[in-house]
Amino acid sequence: MKRYIPWIALGLAALWLASNSRPPQTGSDGFDMASFGKLPVLVGGRVKPIDTVARNSLVIIHGRQTLRLEDGRQLEASRWLADMLFNAPVADKYPVFAIHNPDVFGLFGWEQGEKKYFSYVEITPFLKKIDEQGTRAEDMEAVQRSPYQTAILNLRNSLVLYQRLKNSLQPDDAEDFANEIDAYAQIFQAGRDAAHAHEKGGKFDKGKLDMFQQFSDRYTTLAEMAYILSIPPAQAGTGLHGDWMSMGQSLLNAASAGGVNPVVKAYALIGDAYRKNDPALFNRHVQDLGGWMAKNEPQATSRTAYEFTFNWLEPFYQAMGLYVLVFLLVCASWIFWTQCLNRSAFYVLLLALAVHTFGLFSRMYLQERPPVTNLYSSAVFIGWGTVIIGLILERIFRDGIGAACAAVIGFITLVIAHNLAGSGDTLEMMQAVLDTNIWLATHVVAITTGYSAMFFAGVLAIFYVVRGVFTRSLNQQSAQALARMIYGVICFATLFSFVGTVLGGIWADQSWGRFWGWDAKENGALLIVLWCALILHARWGGYIRQRGLVVMALFGNVITSFSWFGVNMLGVGLHSYGFMEKAFPWLLGFVISQLALMGIALIPQTQWRSFKTATQS
């Protein structure tokens, strides 16, 4: 029976995965939000589905991808965005803006209570104050802002995004937008003629001129406010990399284009049906627009449909669950049924790696870039790399240590990635100087592979100390095996960190005209190379043995975390793709924990529980 347990564990994990991957269904109210969410639009220089725009916008404003209303109902991101786009008075009452800072409450004359989320209607009386305070905070350097200034600036930016979203596909006060567009289409030619005649001093129809001017002013504001560009390029099939247009701009160009763009009219009909709470009509117009997009923009439609599926499957969240299962199986294997549970953990880890790999390669396909392009993707890649290293070590040593380390680092790095996603689109385009595929595929991959190896060696060292000091499970054989793993992984880290640093210098020479500039990120990479070299020389020279190797590997965690995250908090340097400050308390806590483990490791081994037992025996 035991020989079947690994396959049963793998089957149950696969069933759990399948149960979380059911296709989205039409809601109980009949609105087909899945088809609506697949429609392609351009935001932030990238063609993406409306579903991605909804998720990213809600994360920026609310901090989550779903919205819980005061009556207990939970709104998916695409439904919230549909309300924003087509029924703004309803959306304005949703408690979507997160306010936690007590000084922001003081600015509004409110007392801080249990309520943390507020609606646009509640905040509207303070828009002027928020804008004034936010503008002052924006003029300051990020590192000099107080928590209040950071909070008020974030709130102002959220409000700006909110207002732009509301005016992306129609004016936020529109009631019958399709008929409004029809009325505009009937007079824009006569209105333009009247405007030309007025400019030349000739006779003109004042009524039509005034009406045309009102429409022009209204759509100019709509064009200036738009966050979403929903109208694909005029030349069919160029949507993936062509110039998209906002609804307002397309309406302003309608006269010169010879008529209203059919996509403009389609979105107007979709919005009117949604506002009238007519799901059948809404679904029909969404299907019509989806069909039009598929015919005229097949590449863009195919890409956004894939991204919608990627969003819905959430592979990194699924992988996190599998990593937890792997760790539990390994822990259980150390207590009973060692061989079969260890093999079960290995099989489930393979499944987790497959899911993690699907997510990683999906991002590469969608972004058309190598795997690491920003801080978020570096966390995903580091976790992926450590899982591969862990699988190799587990295949060699078969003691559960490699699988356990892989599960721990894989899970933690995906948690880090989840928290880095709060700034918006994780598939954002890079700055021009960094947006070079050959160097992204070589230098950046080599450096982050070095990070993966250093963290893996550090976690092996943590296992060594924890097992040795707090349990009786670290015998001489397992201690030697762990030390061999640490040594081998550090050799691997040295190679990739050195190669990555040299390639970075060549890239810097081509981009900035110098090989080395003592940039913060460059110094961080150099620190890893030097620390690896120091460990290896100390080992080869006989200055350290097992425990010394473990202590130095633990400090490698400190250096690698500083090089990966710490330099981004300095707010200086040319590697401006990763500046951030909110992780400082977590980084400090991690560094303190590693220093504490180093102190524990330096306790005489006669006091370690494992070796005390060995001595007594």
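Rules of the game
- Once a new chain begins, its residue numbering starts again from 1 and follows that chain's sequence as written.
- In keeping with the predicted nature of the model, local features appear solely for residues at pLDDT of at least 70, side-chain atom pairs appear and are counted solely at 80 or more, and the whole-chain, interface and lining totals rest on all residues.
- Excluding hydrogens and water, the side-chain values take into account all heavy atoms of the structure.
- Strands are runs of DSSP state E lasting at least two residues, helices are runs of H or I lasting at least four, and both sets are numbered from the N terminus onward.
- Residue contacts are counted whenever heavy atoms from the two residues lie within 4.5 Å of one another.
- Accessibility throughout is a Shrake-Rupley quantity obtained with a 1.4 Å probe, and a residue counts as covered only by protein chains that appear here.
- His is not counted, nor are the chain ends; Lys and Arg add positive charge and Asp and Glu add negative charge.
- Lys charges are placed at NZ, Arg charges at CZ, Asp charges at CG and Glu charges at CD.
- Patches here: salt-bridge-free residues with over 30% relative accessible area, like charges joined within 9 Å, nonpolar side chains (Val, Leu, Ile, Met, Phe, Trp, Tyr) joined within 5 Å.
- Every case where a carboxyl oxygen of Asp or Glu lies within 4 Å of a side-chain nitrogen of Lys or Arg is listed as a salt bridge.
- Helix span, as expected, comes to 1.5 Å for every residue beyond the first.
- The rule is simple: take the accessible area with a 1.4 Å probe, protein chains only, and divide by the maximum for that residue type; under 20% is buried, over 50% is exposed, in between is partly exposed.
- The directions considered for the arc run from the helix axis to the C-beta atoms.
- Of the two site types, the cavity is a set of points on a 1 Å grid over the protein atoms alone where a 1.4 Å probe fits but cannot get out, and the pocket is an open set with protein on both sides within 12 Å along at least five of seven lines, each lined by residues with an atom within 4 Å of a point.
- Grid points are joined across faces, edges and corners, and a volume is the space filled by probe spheres set on the points.
- In plain words, nonpolar cores are sets of buried Ala, Val, Leu, Ile, Met, Phe, Trp, Tyr and Cys residues tied together by side-chain atoms within 4.5 Å.
- Cysteine sulfur pairs qualify as disulfides if the two atoms are within 2.5 Å.
- By the criterion applied in these results, polar contacts are pairs of N or O atoms within 3.5 Å in which, for protein atoms, one can donate a hydrogen and the other can accept it, and in which residues neighboring in sequence qualify only through two side-chain atoms.
- Pairing between strands is defined by DSSP: at least two bridges between the two strands are required.
- Ring pairs are drawn from Phe, Tyr and Trp, using the six-membered ring of Trp, whenever the two centres fall within 6.5 Å, and their geometry is named by plane angle: stacked under 30 degrees, edge-to-face over 60, tilted for the rest.
- Two conditions define a charge located above a ring, namely a distance within 6 Å from the ring centre to NZ of Lys or CZ of Arg, and an angle within 35 degrees of the ring normal.
- Fitted lines through C-alpha atoms give the axes, limited to the stretch in contact for helices. The angle between two N-to-C directions lies from 0 to 180 degrees.
- Relative orientations are named as follows: roughly parallel for angles under 35 degrees, roughly antiparallel for angles over 145 degrees, roughly perpendicular for angles from 65 to 115 degrees, and oblique for any other angle.
- Nonpolar residues are Ala, Val, Leu, Ile, Met, Phe, Trp, Tyr, Cys and Pro. Charged residues are Asp, Glu, Lys and Arg, and all others, Gly as well, are polar.

Peer 1: What's the story with the overall build of the chain in this structure? I'm lost.
Peer 2: Helix and strand content of the chain: 26 helices and 6 strands. Expressed along its principal axes, the backbone C-alpha trace of the chain runs to roughly 110 × 60 × 55 Å. Here the contacts in the chain between residues at least 6 apart in sequence split such that 73% fall between residues at least 24 apart. For the chain, the computed accessible surface area is about 28,400 Å², with 59% contributed by carbon and sulfur atoms. For the chain, the centre of its 49 positive side-chain charges and the centre of its 46 negative side-chain charges are spaced 13 Å apart.

Peer 1: What is the right way to look at a nonpolar patch on the surface in this model?
Peer 2: Taken together, the side chains of Leu495, Phe498, Val499, Val502, Ile506 and Phe515 present a nonpolar region at the surface, about 500 Å² in accessible area. Structurally, Phe515 is set in the loop between helix 22 (476–512) and helix 23 (520–540).

Peer 1: I would appreciate a short explanation of helix 25 (residues 584–601) in the present structure.
Peer 2: For an α-helix, 3.6 residues make a turn, and residues three or four places apart therefore share a direction. Along its 18 residues, helix 25 runs 26 Å from first to last C-alpha, staying within 8% of the 26 Å computed at 1.5 Å per residue. Those residues of helix 25 that fall on the buried side of the exposure criterion are Leu587, Val591, Gln594, Leu597, Met598 and Ala601. Looking down the long axis of helix 25, one finds its buried residues gathered within 120° of arc, a one-sided arrangement.

Peer 1: What should I look at first to understand the layout of surface pockets in this one?
Peer 2: The rolling of a water-molecule-sized probe over the atoms marks out the regions of remaining empty space. There is about 750 Å³ of room inside the second largest pocket. Looking at the lining of the second largest pocket, the elements with two or more residues in it are helix 2 (33–38), helix 3 (50–62), strand 4 (74–76), helix 4 (77–86) and helix 16 (298–313). For the lining of the second largest pocket, the element with the highest residue contribution is helix 4, accounting for 4 residues.

Peer 1: Is there a simple way to explain the pattern of salt bridges in this structure?
Peer 2: When charged atoms on two side chains of opposite charge get close, those side chains can pair. Scanning the entire structure with this criterion turns up 17 salt bridges. In this structure, Glu138 engages Arg156 in a salt bridge whose closest nitrogen and oxygen atoms are separated by 3.1 Å. Note that Glu138 is positioned in helix 8 (residues 127–138) and Arg156 in helix 9 (residues 147–166), a separation of 18 residues in sequence. Three or more residues are tied together by salt bridges with common partners; here these are Asp51, Arg55 and Glu314.

Peer 1: Whenever I open this one, helix 24 (residues 546–564) confuses me. Can you help?
Peer 2: The end-to-end C-alpha separation of helix 24 is 27 Å, in line with the 27 Å expected for 19 residues at 1.5 Å each. Of all 19 residues in helix 24, 15 are buried; the element is thus mostly enclosed.

Peer 1: Any chance you could explain the nonpolar core here in plain terms?
Peer 2: Note on soluble globular proteins: their nonpolar side chains tend to be buried together. Phe456, Leu460 and Ile486 are the most contacted members of the largest nonpolar core, which has 104 residues in total. If one sorts the elements of this core by residue count, helix 21 (residues 437–470) sits on top with 18 residues. Once residues within four sequence positions are removed from consideration, Leu460 is found in contact with Leu393, Ile401, Cys405, Leu482, Met485, Ile486 and Val489. Residues Phe188, Ile231, Val263 and Ala273 belong to the second largest nonpolar core, which totals 74 residues.

Peer 1: So what exactly am I meant to see when it comes to the state of the cysteines here?
Peer 2: Note on terminology: a disulfide is the covalent bond linking the sulfur atoms of two cysteines. One pass over the structure, following the stated rule, counts 0 disulfides. The thiol sulfur of Cys331 is not disulfide-bonded, and the nearest other cysteine sulfur, from Cys405, lies at 11 Å.

Peer 1: What am I meant to see in the side chain of Asp32 here?
Peer 2: Among the secondary structure elements, Asp32 is positioned in the loop between helix 1 (5–19) and helix 2. A polar side-chain atom of Asp32 sits 3.4 Å from a polar atom in the side chain of Gln287. The contact partners of Asp32, leaving out residues within four places of it in the chain, are Thr26, Phe282, Asn283 and Gln287.

Peer 1: Would you mind going over the environment of Thr413 with me for this structure?
Peer 2: Tracing the backbone shows Thr413 in helix 20 (residues 401–420). Separated by 33 residues in the primary sequence, Thr413 and Val380 have C-alpha atoms spaced 6.4 Å apart.

Peer 1: Just checking my understanding: could you explain the pairing of strand 1 (residues 40–43) for this structure?
Peer 2: The side chains of a regular strand alternate between both faces of the sheet. The side-chain alternation of strand 1 yields two buried faces, one formed by Pro40 and Leu42 and the other by Val41 and Val43. For strand 1 and strand 2 (residues 46–49), the ladder comprises 4 bridges, and the chain directions are antiparallel. Bridging from a neighbouring strand, Val43 pairs with Arg46 of strand 2. Adjacent in sequence and paired antiparallel, strand 1 and strand 2 are bridged by 2 residues, among which Gly44 carries a positive phi angle near 65°.

Peer 1: Just checking my understanding: could you explain the packing of aromatic side chains for this structure?
Peer 2: Two measures describe an aromatic ring pair: the distance that separates the ring centres and the angle between the ring planes. The full count for this structure, using the stated rule, is 32 aromatic pairs. Relative to Tyr162, the ring of Phe97 lies with its centre 5.1 Å away and its plane at 55°, an arrangement referred to as tilted. Here the residue Phe97 occupies a position in strand 5 (residues 97–98), and Tyr162 occupies one in helix 9, the gap between them amounting to 65 residues. For the pair Phe97 and Tyr162, a shared accessibility class is recorded, and that class is buried. With a centroid separation of 5.1 Å and 65° between ring planes, the pair formed by Trp531 and Phe555 is classed as edge-to-face. Here Trp531 is found in helix 23, whereas its partner Phe555 is found in helix 24, with 24 residues between them in sequence. Here Phe555 falls in the partly exposed class, since its relative accessible area comes to 27%. An aromatic cluster of at least three residues, connected via ring pairs, comprises Phe31, Phe36, Phe86, Tyr274 and Phe282. The lysine or arginine in question, Arg303, covers the ring of Tyr365, its NZ or CZ lying 4.6 Å from the ring centre.

Peer 1: What's the story with the environment of Leu251 in this structure? I'm lost.
Peer 2: Take Leu251: it is sitting in helix 12 (residues 247–252). We classify Leu251 as buried; its relative accessible area is 0%. Residues Leu251 and Tyr219 lie 32 residues apart in sequence; the distance between their C-alpha atoms is 6.8 Å. If we ignore the near neighbours within four places in the chain, the residues touching Leu251 are Phe177, Ile181, Tyr184, Tyr219, Val260 and Val264.

Peer 1: Sorry, what's going on with the packing of helix 4 against helix 14 (residues 262–275) here?
Peer 2: A pair of packed helices can be characterised by two numbers: the angle between their axes and the separation between those axes. As a packed pair, helix 4 and helix 14 sit with axes 10 Å apart at the nearest point and diverge in direction by 105°. The angle between helix 4 and helix 14 falls in the class roughly perpendicular. Side by side, helix 4 and helix 14 meet where Arg79, Ala82, Asp83 and Phe86 of the first sit next to Tyr267, Ile270, Gly271, Tyr274 and Arg275 of the second. The residue makeup of the contact of helix 4 with helix 14, split by class, is 5 nonpolar, 1 polar and 3 charged.

Peer 1: Would you mind going over unusual backbone geometry with me for this structure?
Peer 2: Both trends apply: most residues other than glycine have a negative phi, and most peptide bonds are in trans. Within the chain, Glu368 stands out as a residue other than glycine whose phi angle is a positive 55°. Inspection of the secondary structure assignment puts Glu368 in the loop between helix 18 (338–367) and helix 19 (375–397). Phi at Arg398 is positive, roughly 55°, even though this residue is not glycine.

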